[in-house]
Every structure is written in C-alpha cells, then in structure tokens.
Amino acid sequence: MKTPRSRSVLLVVPGLDPVGTGRQLEIVAVGLRAAGWNVQLAVTTPGGSLPLQLEQKGFVVHRCGTRPNAGLAAAAALLRLVKASRPAVIYCWGRSQSRLVGAIKIFLPNVRLLSHLARMPRGLATAWALRQADGVIAISPGVQQACQRLGVAAAVIPPGIDLALGDGLTREQIAASLGLEPTKIWTLCVAPLKAQSRLEHLLWAIDQLGVVNRDLEHVLVGSGPLRERICRRACVQQLAERLHLRPHCSCLPDLLQQVRFVWQSGRVAYGGAILDAMAQGVASVAVSSDAARQLIIPNETGCIVAADPESEFPRRALGVLEDDTLAARYGAAARVRATEHFPTTLFLASHTHALEQLIA
C-alpha cells in the first residue's frame with residue numbers, strides 16, 4: 001500500500017512587504033493552513049515586514065539569508081533546513097528563488113518542487129531551474145507562453161485579492177511615519193529598484209507633474225542596486241522633497257487608502273501595488289506590461305500608457321490627478337473588477353489543487 005505524503009509545504013521567498021507578491025504570498029499561506037497544510041516559510045533575503053507579520057499569525061519563519069541577493073550562503077542554509085524539516089513540497093516564489101532551489105534540487109530527489117512565476121522567465125539559468133521543478137505556476141497566459149518558449153510547461157493561476165484592512169492608521173499618523181505632508185496629494189509606486197522597473201520614466205513623470213502642481217508627494221517603495229542612482233537623479237532634478245524613497249513600508253495597506261492613484265513605469269510582478277489598489281478602490285496608471293494588461297481595463301479602471309512618447313505617462317496621470325470624478329469612477333470600477341475577476345476563493349482552490357496533485 002502506498003504511503004501518503006505529508007501535507008507540509010515550505011514557501012521559499014525573499015523579504016517582502018504585504019503588497020503585490022507579498023500580499024499574494026500572505027493569502028496563499030493563510031489559505032493553505034486553513035486547508036490543513038503545515039506551512040512554513042524560508043526567507044532568503046533580509047527586510048520587509050511580511051515575515052514578522054506572518055510570525056505574529058503563528059507561522060514558522062526561517063531566515064536563511066542576510067544579503068540583498070540570495071547567494072551561496074542562503075542556498076546552504078536552505079539545504080540544511082530542508083534536510084532537517086523534510087517538507088513534502090518546496091514552493092518557490094519568483095525567478096531568483098526558482099534558480100536558488102533548482103540548484104539544490106539534485107540533493108533533494110524526494111522533495112517535490114513547485115515554482116511560481118509572476119514575470120516573464122528569461123535566460124538559460126532560469127530555464128534550467130524551471131526544468132528541475134515538478135510543476136510551474138504562471139499568473140497569466142503571457143507568462144505561460146514565455147515558459148513554453150523555453151520548453152517548460154506551466155499552469156495558469158491568475159492572482160486573487162481581498163481587502164487588506166491595515167492597522168487603522170489615520171492620514172496624520174501615516175504622514176508622520178513616512179515624512180509626508182498630510183495636506184498634500186499622495187501617489188504610490190511599489191517596484192524593485194532594478195532596470196526592468198524603468199524608474200527613469202517615473203522620475204521624469206514626477207518632474208513634469210511638479211511643473212503644474214506643487215502640492216504633490218510621491219512614495220516609492222522598493223530596494224535594489226539602482227537606489228543610489230535614483231537618489232542622485234532625484235537631487236539633480238530637484239525631486240528630493242517630493243519623492244519619498246523607502247526600501248520597505250509596513251503601513252502600505254493604510255497608505256493605499258489615502259493615495260490618489262498608484263502607478264507603475266515598468267515590468268513589475270503583479271504591477272507592484274496595482275492589484276492591492278484595485279481592492280481598495282484606487283485608480284491605477286501604468287506603462288504597458290503583461291501585468292498591467294492583465295489587471296487594468298483601459299479607461300475603465302485606470303490607464304495603460306505606451307512607453308513612448310515619455311510625455312504620455314505624466315499626461316495621463318495628470319488627467320486622473322485633476323479630475324475628481326474620473327478618479328472616483330476608475331476606483332469604483334477597479335474595486336468591482338477585483339471582486340468579480342480576482343476572487344481569493346478560486347485563487348486558493350487552484351493553489352490547493354496544484355499542491356495536492358504533486359503529493360498524490
């Protein structure tokens with residue numbers, strides 16, 4: 001008689017905040033535990049408030065890395081953890097985590113490996129790592145097709161979202177925490193400080209909006225190798241007083257309730273804060289990407305803008321900024337779309353089924 005596998009899963013993730021990928025991970029972790037799975041997390045990079053929040057909810061969180069990019073030390077720590085805990089499934093989130101776990105899979109022949117991709121897979125190393133997995137989940141048909149071009153089969157599970165209530169912070173409390181002026185209009189962008197985020201477009205748009213409206217402040221949440229370059233450019237363009245750059249932000253659910261819109265200038269998993277903003281009834285403005293096209297209905301829930309000319313990005317943002325009725329209409333439609341097209345019930349059922357298939 002075949003011995004059933006244990007219902008244990010180790011989620012391998014970088015340090016995250018509870019927005020975008022972090023919010024998706026939080027929903028999955030809580031949902032899998034409710035479905036009877038023993039859920040633990042291995043966090044391979046420092047930072048982010050989500051690991052602590054999940055610990056406070058009773059999850060076991062293992063911190064396996066101390067460097068901004070998960071390397072050999074994180075891989076060694078993860079290997080020791082897996083040998084000690086022996087999970088039935090390792091579920092790694094993102095391309096870098098897939099490469100990390102793929103490299104140690106040869107030492108773990110009896111552990112099932114599931115990879116989760118929210119952005120297009122690229123490169124030989126990523127392709128090799130995905131081929132080591134026993135299953136691959138893509139969040140969109142576009143990501144699925146990119147996997148197929150690499151010779152990797154992937155199942156599509158669209159994201160799911162519900163309303164994150166936050167801690168009930170007032171606008172004044174948020175302003176004090178982030179150094180904002182409570183009487184000004186706020187915008188938010190969540191993105192890694194990497195080339196694919198195209199943050200030069202965001203800085204240029206902030207500069208242009210400042211010409212016509214000085215009562216704006218912009219929060220950019222993210223970390224990465226371009227931090228120093230962005231800070232220097234913000235100083236050169238005299239944006240430093242209007243741009244508030246934070247590597248992590250624990251009050252994002254509360255902040256989302258107070259911003260005029262969220263925007264995204266490049267290719268970022270889940271569009272950064274776009275899906276979370278939709279659940280809060282907040283409009284979005286984004287340069288065209290796979291994530292933007294999946295989430296936003298143009299001129300109904302927000303704006304999708306071509307990358308060129310650059311002037312189009314701030315122009316469309318200005319339209320949402322200056323028209324209260326338009327911003328409210330976009331936000332209301334976004335909330336309805338989040339509820340109807342990205343329910344957490346289907347999202348969680350699909351993830352549970354994928355894991356059950358691996359241990360069957």
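Residues numbered from 1 in each chain as written. Predicted model: local features only at pLDDT ≥ 70, side-chain atom pairs only at ≥ 80, totals over all residues. Heavy atoms only, no water.

Q: Would you take a moment to explain the environment of Leu-25 for this structure?
A: Note on placement: Leu-25 falls in helix α1 (residues 21-34). With a relative accessible area of 1%, Leu-25 lands in the buried category. The sequence separation of Leu-25 and Val-190 amounts to 165 residues, and the corresponding C-alpha distance is 16 Å. Discounting chain neighbours no more than four positions away, the residues touching Leu-25 are Leu-11, Val-13, Leu-16, Leu-41, Leu-50 and Trp-93. (Helix = DSSP H or I, 4+ residues; strand = E, 2+ residues; numbered from the N terminus. Buried < 20%, exposed > 50% of the residue type's maximum accessible area, 1.4 Å probe, protein only. Contact = heavy atoms within 4.5 Å.)

Q: Just checking my understanding: could you explain the nonpolar core for this structure?
A: As a rule of thumb, nonpolar side chains are buried together in soluble globular proteins. Counting residues in each nonpolar core, the largest one holds 66 residues, and the members touching the most others are Val-9, Leu-11, Val-39, Leu-41, Val-89, Leu-188 and Leu-255. If we skip the residues at most four places from it in the chain, Val-39 touches Val-9, Leu-11, Ala-29, Leu-32, Arg-33, Phe-59 and Val-60. Residues Ile-230, Cys-303, Phe-313 and Tyr-330 belong to the second largest nonpolar core, which totals 33 residues. (Core = buried A, V, L, I, M, F, W, Y, C linked by side-chain atoms within 4.5 Å.)

Q: What am I meant to see in the side chain of Asp-17 here?
A: Relative to the helices and strands, Asp-17 resides in the loop between β1 (8-13) and α1. Summary of buried charges: Asp-17 has no salt-bridge partner, and the nearest side chain of opposite charge, Arg-246, is 10 Å away. In terms of polar contacts, Asp-17 uses its side chain to reach the backbone amide nitrogen of Ser-49, at 3.0 Å. There is a polar contact of 2.9 Å between the side chain of Asp-17 and the backbone nitrogen of Cys-249. Once you skip the residues sitting within four places of it in the chain, Asp-17 turns out to touch Gly-22, Arg-23, Gly-48, Ser-49, Leu-50, Val-221, Pro-247, His-248, Cys-249, Ser-250 and Leu-252. (Lys, Arg positive; Asp, Glu negative; His and termini not counted. Salt bridge = Lys/Arg side-chain N within 4 Å of Asp/Glu carboxyl O. Polar contact = N/O pair within 3.5 Å; in protein donor to acceptor, adjacent residues only side chain to side chain.)

Q: Teacher, can you tell me more about the sheet that holds strand β4 (residues 89-93) here?
A: Each strand in a sheet pairs with its neighbour through backbone hydrogen bonds, running either in the same direction (parallel) or in the opposite one (antiparallel). Taking strand neighbours across the sheet as the criterion, the seven strands line up as β3-β2-β1-β4-β5-β6-β7 in an open arrangement whose pairing is parallel. The outermost strands of the open sheet, each flanked by one partner alone, are β3 (60-63) and β7 (155-156). Sheet analysis places β1 next to strand β2 (residues 38-43), joined by six bridges and oriented parallel. Paired with Leu-10 across the strands is Gln-40, a residue of β2. Packing of helix α3 (residues 72-85) onto the sheet brings it into contact with β1, β2, β3 and β4, and relative to β1 it is tilted by some 175°. (Pairing = 2+ DSSP bridges. Axes fitted to C-alpha atoms, helices over the stretch in contact; angles between N-to-C directions.)

Q: Sorry if this is basic, but what is going on with empty space enclosed by the protein here?
A: Unfilled space is identified by rolling a water-sized probe across the atoms. Counted according to the given criterion, the structure contains one cavity of 30 Å³ or more. A volume near 70 Å³ is recorded for the largest cavity. In terms of lining residues, the largest cavity is bounded by Pro-18, Val-19, Arg-23, Ile-161, Asp-162, Ala-164, Leu-252, Pro-253, Leu-256, Asp-276, Ala-279 and Gln-280. Looking at the lining of the largest cavity, the elements that each hand over two or more residues are α10 (252-256) and α11 (274-280). Counted by class, the lining of the largest cavity contains eight nonpolar, one polar and three charged residues. (1 Å grid on protein atoms, 1.4 Å probe; cavity = no way out; pocket = protein on both sides within 12 Å on 5 of 7 lines; lining within 4 Å. Points joined across faces, edges and corners; volume = space filled by probe spheres on them. Nonpolar A, V, L, I, M, F, W, Y, C, P; charged D, E, K, R; others polar.)

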